[in-house]
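Each chain, letter by letter, is given below.
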Amino acid sequence: ALGMAAASQSATASSRASRPPPERKTRARQAPAERLLALILRAPEAATRIPAEVLENLNDGGTIAAVAQFFAEDVRRTPGQAIAYFEDGDHGEKIRQSLQDPLLNQADGPDLDWAAEVDGLVGKLLEARDRRRATELAERIGANQATPDEMAEYQRLFSALQTSRSGNPPTEERSDF
């Protein structure tokens, strides 16, 4: 009996050694637009902080704009009301997926600043929009098809993007005072 127990332990040890380690699951980082939708669903008052120019340039089929408008009309609405309202449309599935976000399950606390989070995401989305536009303008300039206004717009965008990368605020003209 003792020999069988030792053989059994030896077989168990060898099967453990030959098994590959379990797969490590890493959660994909959310795109700023997806995170913005999750934040709006978590804190409906956040919808009022999002400028229209950000909502116009999102590539999400209009879901975030529709949800932001829904909550901006009445910030007392709930995610459940949003699901019911958008259930049969194109946005229902995206809303349901966004509600699965772990961000929504975090407890409220003094360390969570939803307004700052929304403002940061809005800034990232505006910067991404400006990068896309600068690339379009650079291609037009490279092909000698840019108008003087487009060249000026490119210079403005390029300067703003360089400043945002460096982390320094744009310089202002010196005052005589």
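Residues numbered from 1 in each chain as written. Predicted model: local features only at pLDDT ≥ 70, side-chain atom pairs only at ≥ 80, totals over all residues. Heavy atoms only, no water.

Take the packing of aromatic side chains next. One pass over the full model with this rule turns up 5 aromatic pairs. Judged by centre distance (4.9 Å) and plane angle (35°), the ring pair of F70 and Y85 falls under tilted. Residue F70 is found in helix α4 (residues 63-73), and its partner Y85 is found in helix α5 (residues 79-86); the two are separated by 15 residues along the sequence. For F70, a relative accessible area of 6% gives the class buried. A relative accessible area of 58% means that Y85 is categorised as exposed. With 4.8 Å between their ring centres and 85° between their planes, Y85 and F86 make a pair best called edge-to-face. Taken together, F70, F71, Y85 and F86 form an aromatic cluster joined through their ring pairs. The ring of F70 has R77 lying over it, and the distance from NZ or CZ to the ring centre is 4.3 Å. (Phe/Tyr/Trp six-rings, centres within 6.5 Å; stacked < 30°, edge-to-face > 60°. Helix = DSSP H or I, 4+ residues; strand = E, 2+ residues; numbered from the N terminus. Buried < 20%, exposed > 50% of the residue type's maximum accessible area, 1.4 Å probe, protein only. Lys NZ or Arg CZ within 6 Å of the ring centre and 35° of its normal.)

Moving on, we get to the layout of surface pockets. Taken as a whole, the largest pocket encloses approximately 270 Å³ of empty space. The residue inventory of the lining of the largest pocket, partitioned by class, reads 4 nonpolar, 5 polar and 4 charged. (1 Å grid on protein atoms, 1.4 Å probe; cavity = no way out; pocket = protein on both sides within 12 Å on 5 of 7 lines; lining within 4 Å. Points joined across faces, edges and corners; volume = space filled by probe spheres on them. Nonpolar A, V, L, I, M, F, W, Y, C, P; charged D, E, K, R; others polar.)

Another aspect to go through is unusual backbone geometry. Generally, phi is negative for residues other than glycine and the peptide bonds are trans, each holding for most cases. Here the phi dihedral of N144 falls at roughly 55°; this positive angle occurs in a residue that is not glycine. In this structure, N144 sits in the loop between α7 (114-142) and α8 (148-166).

Turning next to the nonpolar core. If you look at the biggest cluster of nonpolar residues, it comprises 27 residues, and the most contacted ones within it are L36, I40, I50, I64, V67 and F71. Secondary structure elements with two or more residues in this core: α2 (32-42), α3 (52-56), α4, α5 and α7. Here I50 is in contact with L36, I40, L55, V118 and V122, once residues within four sequence places are set aside. Ranked by size, the runner-up nonpolar core spans 5 residues in total, among them L137, Y154, L157 and L161. (Core = buried A, V, L, I, M, F, W, Y, C linked by side-chain atoms within 4.5 Å. Contact = heavy atoms within 4.5 Å.)

Our next topic: the side chain of E150. Counting through the fold element by element, E150 comes out in helix α8. A distance of 3.0 Å separates the side chain of E150 from the backbone nitrogen of T147, its partner in a polar contact. (Polar contact = N/O pair within 3.5 Å; in protein donor to acceptor, adjacent residues only side chain to side chain.)

To continue, consider α7. With 29 residues, α7 extends 42 Å from end C-alpha to end C-alpha; this agrees with the ideal 42 Å at 1.5 Å per step. W114, V118, L121, V122, L125, A128, D130, A134 and L137 are the residues of α7 that are buried. One or two residues past the end of α7 sits N144, with phi positive at roughly 55°. (Expected span 1.5 Å × (residues − 1).)

Moving on, we get to the packing of α2 against α7. Look at α2 against α7: their axes get within 10 Å of each other, and the N-to-C directions meet at 150°. Between α2 and α7, the angle is such that the two are roughly antiparallel. Between α2 and α7 lies a crossing of left-handed hand. Counted together, P32, A33, R35, L36, L39 and R42 of α2 and W114, E117, V118, L121, K124 and L125 of α7 form the full contact between these two elements. (Axes fitted to C-alpha atoms, helices over the stretch in contact; angles between N-to-C directions. Parallel < 35°, antiparallel > 145°, perpendicular 65-115°, else oblique. Left-handed = near helix turned anticlockwise from the far one by under 90°.)

Before going further, it helps to spend a moment on the pattern of salt bridges. For the structure shown, the criterion picks out 12 salt bridges. The residue E117 makes a salt bridge to R35 at a minimum N-O spacing of 2.7 Å. Residue E117 is located in helix α7, and its partner R35 is located in helix α2; the two are separated by 82 residues in the primary sequence. Among the residues examined, E117 registers a relative accessible area of 28% and is labelled partly exposed. Ionic pairing is found between R96 and E93, a salt bridge with its closest N-O pair at 3.2 Å. With R96 and E93 both in helix α6 (residues 92-99), this residue pair falls 3 residues apart, about one helical turn. What emerges from the salt-bridge pattern is a single network uniting E53, R129 and D130. (Salt bridge = Lys/Arg side-chain N within 4 Å of Asp/Glu carboxyl O.)

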